[in-house]
Amino acid sequence: MTTSTTRPHALPRPRTVAVRTGRRTARFRRARELGPGLAVCAAAVIVAWGVHRLAGAVPMLTAALLLGVVAVNTGVLPESTRAGSRYAATTLMRAGVVLLGLQVALRDIAGLGWQTIVMTVFVLLATLLGTRWLGRRMGLPPRMSLLVASGFAICGASAVAAVDGVLGSGEDAADHERDAATAVALVTLCGTLAIAVMPAAGHLLGLSPYDTGRWVGASVHDVGQVVATATVVGPAALVPAIAVKLVRVAMLAPVTAVTALRVRRTGTSARRPPVLPVFLVTFLAMVVIRSTGALPQGVLDGAGTAKDLLFAAALFGLGSAVRLRVLVRTGHRALLLGLTSWVLIAGISYAGVLLTR
């Protein structure tokens, strides 16, 4: 009589099955939590795109931000959309920052010459430090002052998102979210005003289109706003404006790293943030990839479109955090800080352009 030595198939351990089931349940619960808000963000992006198509003077990102502000303050957004909107304002914004790296080619920056590069870095640092000092003098919270300073000095909403990411959020998460939303609203407002004001100002000040482009690149906040403003000036302004702006975008990583080091040293956050968060490391990797010239133009164009869509969804999410009644208490001081910072960066960069002609 022979005895079979074949072992039956091992059954999954109950603990393993329970862990897998728990993970699936958690993912499903998370999707249900984020779904309504992300769906509303997607719809808002479509509406913002339509507004831009109908009224070309209104950038899609500005329209998305305004839609968020209007929606939340008119009571249109139910509470169930809040989690998804917050996810868009943080995670989707950081994904957009990663894709922003594909717009930075190191050879374009090097082509400006060292004088213009040094001038741009000086303008950035002077605006950053000056705006923080002004914020303190106006009695604004240090966090809001830093976020406004970062947005105006570096690259608008993406800089606000990057710095906000390393500052962390503790028990006052709602207040911190409002600070970030206020900073984005201010850079969007002033950057939109720049599209109308700076081309005329450059002409009145006697700047050539090339120097006006450098002035625009050194002082206007968001990349899209720089392109729009320089386009109004003329074709000769577009290339220098974008190149100077890319110097400021490239400074996003070192400024954020210094901010993270300060947070780690002072212990002002509930956690110790990494010196460079993963999304900024990826941003730098995208800069390197773009600088190799290996990517075809079609891929770069597609990445640019994806970036704009991610930023539009994120700005709608940030706009939905702007509750006007709550902002009344500090809104006038924040607005004054934004306008003052705009004048500061425009004045310093104008002097820099004259000195490096």
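In case you missed it, the structure is sitting above this.
Scope of this entry: the structure provided in the associated data block.

When helices and strands are counted, the protein chain shows 15 helices and zero strands. When each of the 357 residues of the protein chain is scored for burial, the buried share is 48%. Long-range pairs, those at least 24 residues apart, make up 80% of the contacts in the protein chain between residues at least 6 apart in sequence. Roughly 17,600 Å² of accessible area belongs to the protein chain as shown, and the carbon and sulfur atoms make up 66% of that amount.

With that settled, consider the pattern of salt bridges. Tallied over the full model, the rule gives three salt bridges. In this structure, Asp164 engages Arg143 in a salt bridge whose closest nitrogen and oxygen atoms are separated by 2.7 Å. With Asp164 in helix α7 (residues 157–167) and Arg143 in helix α6 (residues 142–155), this residue pair connects regions lying 21 residues apart in the sequence. Each member of the pair, Asp164 as well as Arg143, carries the same accessibility label: buried.

Attention shifts here to the side chain of Asp211. The topology assignment puts Asp211 in helix α9 (residues 209–219). Asp211 gets classed as buried once you look at its relative accessible area, which sits at 8%. A polar contact is formed between the side chain of Asp211 and the side chain of Arg214, at a distance of 3.0 Å. Apart from the residues lying within four places of it in its own chain, the contact partners of Asp211 are Val353 and Arg357.

The terminal C-alpha atoms of helix α3 (residues 82–100), which comprises 19 residues, lie 26 Å apart, in line with the 27 Å expected from a rise of 1.5 Å per residue. Residue Ala88 marks the point of greatest curvature in α3, where the axis turns by about 30°. The complete set of buried residues in α3 reads Ala83, Gly84, Ser85, Ala88, Ala89, Leu92, Met93, Gly96, Val97, Val98, Leu99 and Leu100.

Put simply, α3 and α7 touch, their axes get as near as 9 Å, and they point 115° apart. Between α3 and α7 lies a crossing whose hand is left-handed. Here Met93, Arg94, Val97 and Leu100 of α3 come into contact with α7, specifically with Ala157, Ser158, Ala161 and Gly165. A class-by-class count of the residues in the contact of α3 with α7 yields five nonpolar, two polar and one charged.

Next up on the list: the nonpolar core. In terms of nonpolar packing, the biggest core is built from 96 residues, with Met93, Ile154, Leu252, Leu315 and Leu318 touching the most fellow members. Leave out the neighbours within four places in its chain, and Leu318 touches Ala89, Met93, Ala180, Ala181 and Val184.

Cut-off values and rules
Residues numbered from 1 in each chain as written. Predicted model: local features only at pLDDT ≥ 70, side-chain atom pairs only at ≥ 80, totals over all residues. Heavy atoms only, no water. Helix = DSSP H or I, 4+ residues; strand = E, 2+ residues; numbered from the N terminus. Buried < 20%, exposed > 50% of the residue type's maximum accessible area, 1.4 Å probe, protein only. Contact = heavy atoms within 4.5 Å. Areas by Shrake-Rupley, 256 points an atom, 1.4 Å probe, with all protein chains shown as cover. Salt bridge = Lys/Arg side-chain N within 4 Å of Asp/Glu carboxyl O. Polar contact = N/O pair within 3.5 Å; in protein donor to acceptor, adjacent residues only side chain to side chain. Expected span 1.5 Å × (residues − 1). Bend = angle between axes of the 7 residues up to and from the residue. Axes fitted to C-alpha atoms, helices over the stretch in contact; angles between N-to-C directions. Left-handed = near helix turned anticlockwise from the far one by under 90°. Nonpolar A, V, L, I, M, F, W, Y, C, P; charged D, E, K, R; others polar. Core = buried A, V, L, I, M, F, W, Y, C linked by side-chain atoms within 4.5 Å.

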